Amino acid sequence: MKLVVKNAYKLFTKFPKRNYSSRISLNMRESSFFLHPLKFAGKQNVRSWTSKISSLVRENQSIEAIYLFKTMLRNEHKPNYVTVLSIIRAVEKWEPMVKGIHGFTIKMGFELELPVVTALVGVNSIWDMDTAWKLFDHTRGKDVILWSAMVSACVKSGEYVEAVELFRKMLSFGVEPNYVSIVGIVPACANLGALKVGKEIHAYSIKSLFISHVNIQNSLVDMYAKCGSLKPSLTVFHGIEKKDLVSWRTMIHGCVENDSFSESLSLFSEMRYCCYEPDESVIREVIGALSQLDEIKIGQCFHSLVLKQGYSRSVSVVTALLHMYGGFGDIESARSLFDHLKPKDLIAWSTMIAAYAQSELPSNAFDIYQQMRSANEKPNEIIYVSLLRACSSMAAEEIGEGIHAQVVKIGNTSNAFLISSLIDMYCKFGRISQGEAIFSECPSKDLICWSSMINGYGINGHGNEALQCFLDMLNTGIKPNDVVFISALSACSHCGLEYEAWNWFYAMEERFSVTPKLAHYACMVDMLSRQGNVEEALEFVNNMPIEPDKRIWGTLLAGCRKTCISIEICEIVAKRLIALDPENTSSFVILSNLYAEQGRWKEVEQLRQLMDEKNLKKDFGYSLIETSL
């Protein structure tokens, strides 16, 4: 036995010497081991060693625990399986040590102990799932703990289908799942979108009385939300008697994920009313919801709350606010936040560049880019995407070609987002052959690339080529999503392909299970308006199953200007747009011009007075000047 212990000690001799922090030294000052290791070693039995090692592991002092285990082996004390369990947990961060302790376990004859096997399955799954599966498959008399550990290992490794199959196999063997089993399997259903299986597990948890556990309830809330079933998610959430911070965070995230942004804000207010203080994650979720709602005044109020809560030094929170203001078009507030943010990380630089690229001042994106390079920050793919977008807005072909050359030089030509942006840029320059060349050279075309090429054909008036590209994509077996359909419908609209547009619009849900969103309805309204069918477009809008936004009413109003339509319809459309976007002067101007053409000067004067009361001024045009990179 002494020889076995000595050989086992050799497995750990190459582990680095411990480097104690002052905190650890203070905490362990009274320990005789740290003061006199030889004296400690001489008086201890296996229980003492195990107790000390287990204590260190519980206090997250893994290196100290491993060092003490080495000392135990060096002094020829034979560990028991409880000692081994503790040291397995200690070595999980280091793959060579995991392999070492695995071999040691076999040498010591502990490989038949179910708790040890379960622990080994857990640590091996972090580094090598094949080894974890072999351990599991070769173990006889598996108990519910081992089954649950293997299910959890599959989930953590992203093997969600295998996790569900393993859970079903466990049931077929007559092993009753416990609380841990349920907590482990629900995330697999969530990530697979397996709503039916999730409902079955929900029913089982109610039947088995596990539903009272808040961890299970939180997992079910997340599962239903990820499966797109927000109503059941909210039902489970409201049924939690003792909600914790995870409950609130999960439900707010679920609402944002399902585009129920107003609901997420209501939950946040309720959370604060229930005296729960939000963490950074919740704050970022709410900022994201405000960005989508385009509620600048509420966003400014929330900004004040963020400052009051003490998050002004959080880079992630400030970056989220920066992104929000950029989305609102309030570039001055975004820049002020950015200038005061120290230190800036790559995400902050990227967000500020993107904000300028999408603003009326795209040339400023290059100024921020130069500052970033001066700060020795290397650009990532997202920054290049934003710069290419800025080039498209500025019609800056030479700068765009320069960025293209940089992308090629650093070897990012396989990145789907960059390829998509390059296709977009060249097609917007009217250089469709260049866009086609980049598209054809793409080694693995994904939805983003296909969508960009379809859209590129559309904006250049090549409607038939756009639809052929769409069909080619379908023939490759790629399932279209809502974004690709926007590109296809937009191409039909730009090129007057009315029959094809209606055909694909109805095929979205019937053939591909893609529910039309506002953007798809906007394409159809745009198509009808371009064809001069404004009355038909208005009827279509009035029958939409979702509330039309200012983009759709704006499209209708543009159609009214191009078509000889009754003043009554123009009034209806303009007034709806003014109600949705009261700060936009163009609606007032268009309606005022329509009244003037009809000689209705009283209404013209009323509109002018209303604009004066709101302190609105007619927008002036502007030009963009090309800058050098």
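Anyway, here's the lowdown on the structure attached to this text. No experiment lies behind these values; they were computed from the predicted model shown.

### So, the overall build of the chain
A count of helical and extended segments in the chain gives 38 helices and 0 strands. A burial count over the chain gives 47% of its 629 residues as buried. On the chain, roughly 32200 Å² of surface is accessible, and the fraction owed to carbon and sulfur atoms is 51%.

### Looking at the state of the cysteines
Counted under the stated rule, the structure contains 0 disulfides. Looking at Cys189, it has no disulfide partner, and the nearest cysteine sulfur is the one in Cys227, 7.4 Å off.

### So, helix H26 (residues 397-409)
A rise of 1.5 Å per residue sets the reference length of H26, with its 13 residues, at 18 Å; its end C-alpha atoms lie 18 Å apart and thus fit the reference within 8%. Listing the buried residues of H26 in full gives Ile399, Gly400, Ile403, His404 and Val407. What you see down the axis of H26 is that its buried residues fit within an arc of 145 degrees, all on one side. Exposed and oriented more than 90 degrees from the buried face of H26 are Glu398 and Lys409.

### Remarks on the environment of Leu305
Within the secondary structure, Leu305 is located in helix H20 (residues 296-308). Once residues lying within four places of it in the same chain are set aside, the contact partners of Leu305 are Phe268 and Arg272.

### Structural notes on the pattern of salt bridges
Taken as a whole and judged by the stated rule, the model has 10 salt bridges. Arg431 serves as the salt-bridge partner of Glu397, at 3.1 Å between the closest nitrogen and oxygen. Taken together, the residues Glu397 in helix H26 and Arg431 in the loop between helix H27 (416-428) and helix H28 (432-441) connect sequence positions 34 residues apart. Among the residues examined, Glu397 registers a relative accessible area of 32% and is labelled partly exposed. Of the charged contacts in the structure, one is a salt bridge between Arg551 and Asp549, with a shortest N-O distance of 3.6 Å. You can call Arg551 partly exposed: its relative accessible area is 42%. A network of salt bridges, in which partner residues are shared, links Glu397, Glu401 and Arg431.

### Looking at unusual backbone geometry
Both trends apply: most residues other than glycine have a negative phi, and most peptide bonds are in trans. Here Lys342 and Pro343 are connected by a cis peptide whose omega angle stands at -5 degrees. Position of Pro343 relative to the elements: it lies in the loop between helix H22 (331-340) and helix H23 (346-357). Of note in this structure, Cys275 is not a glycine but carries a positive phi near 70 degrees. For Cys275, the location among the structural elements is in the loop between helix H18 (261-273) and helix H19 (280-293). Positive phi outside glycine occurs at Ala395, with the angle close to 55 degrees. You can see Ala395 is positioned in the loop between helix H25 (381-394) and H26. Here Ala395 falls in the partly exposed class, since its relative accessible area comes to 47%.

### Focus: helix H12 (residues 160-172)
Here H12 is 13 residues long and its end C-alpha atoms lie 19 Å apart, about the 18 Å a rise of 1.5 Å per residue gives. The complete set of buried residues in H12 reads Ala163, Val164, Leu166, Phe167 and Met170. On an axial view of H12, the arc spanned by its buried residues comes to 160 degrees, and they lie on one face. Against the buried residues of H12 lie helix H10 (129-137), helix H11 (144-156), helix H13 (179-192) and helix H14 (195-207). Phi turns positive one or two residues past the end of H12, at Gly174, with a value near 80 degrees.

Here is what the cut-offs are and how they apply
- Residues numbered from 1 in each chain as written.
- Predicted model: local features only at pLDDT ≥ 70, side-chain atom pairs only at ≥ 80, totals over all residues.
- Heavy atoms only, no water.
- Helix = DSSP H or I, 4+ residues; strand = E, 2+ residues; numbered from the N terminus.
- Buried < 20%, exposed > 50% of the residue type's maximum accessible area, 1.4 Å probe, protein only.
- Areas by Shrake-Rupley, 256 points an atom, 1.4 Å probe, with all protein chains shown as cover.
- Disulfide = S-S within 2.5 Å.
- Expected span 1.5 Å × (residues − 1).
- Arc of directions from axis to C-beta.
- Contact = heavy atoms within 4.5 Å.
- Salt bridge = Lys/Arg side-chain N within 4 Å of Asp/Glu carboxyl O.

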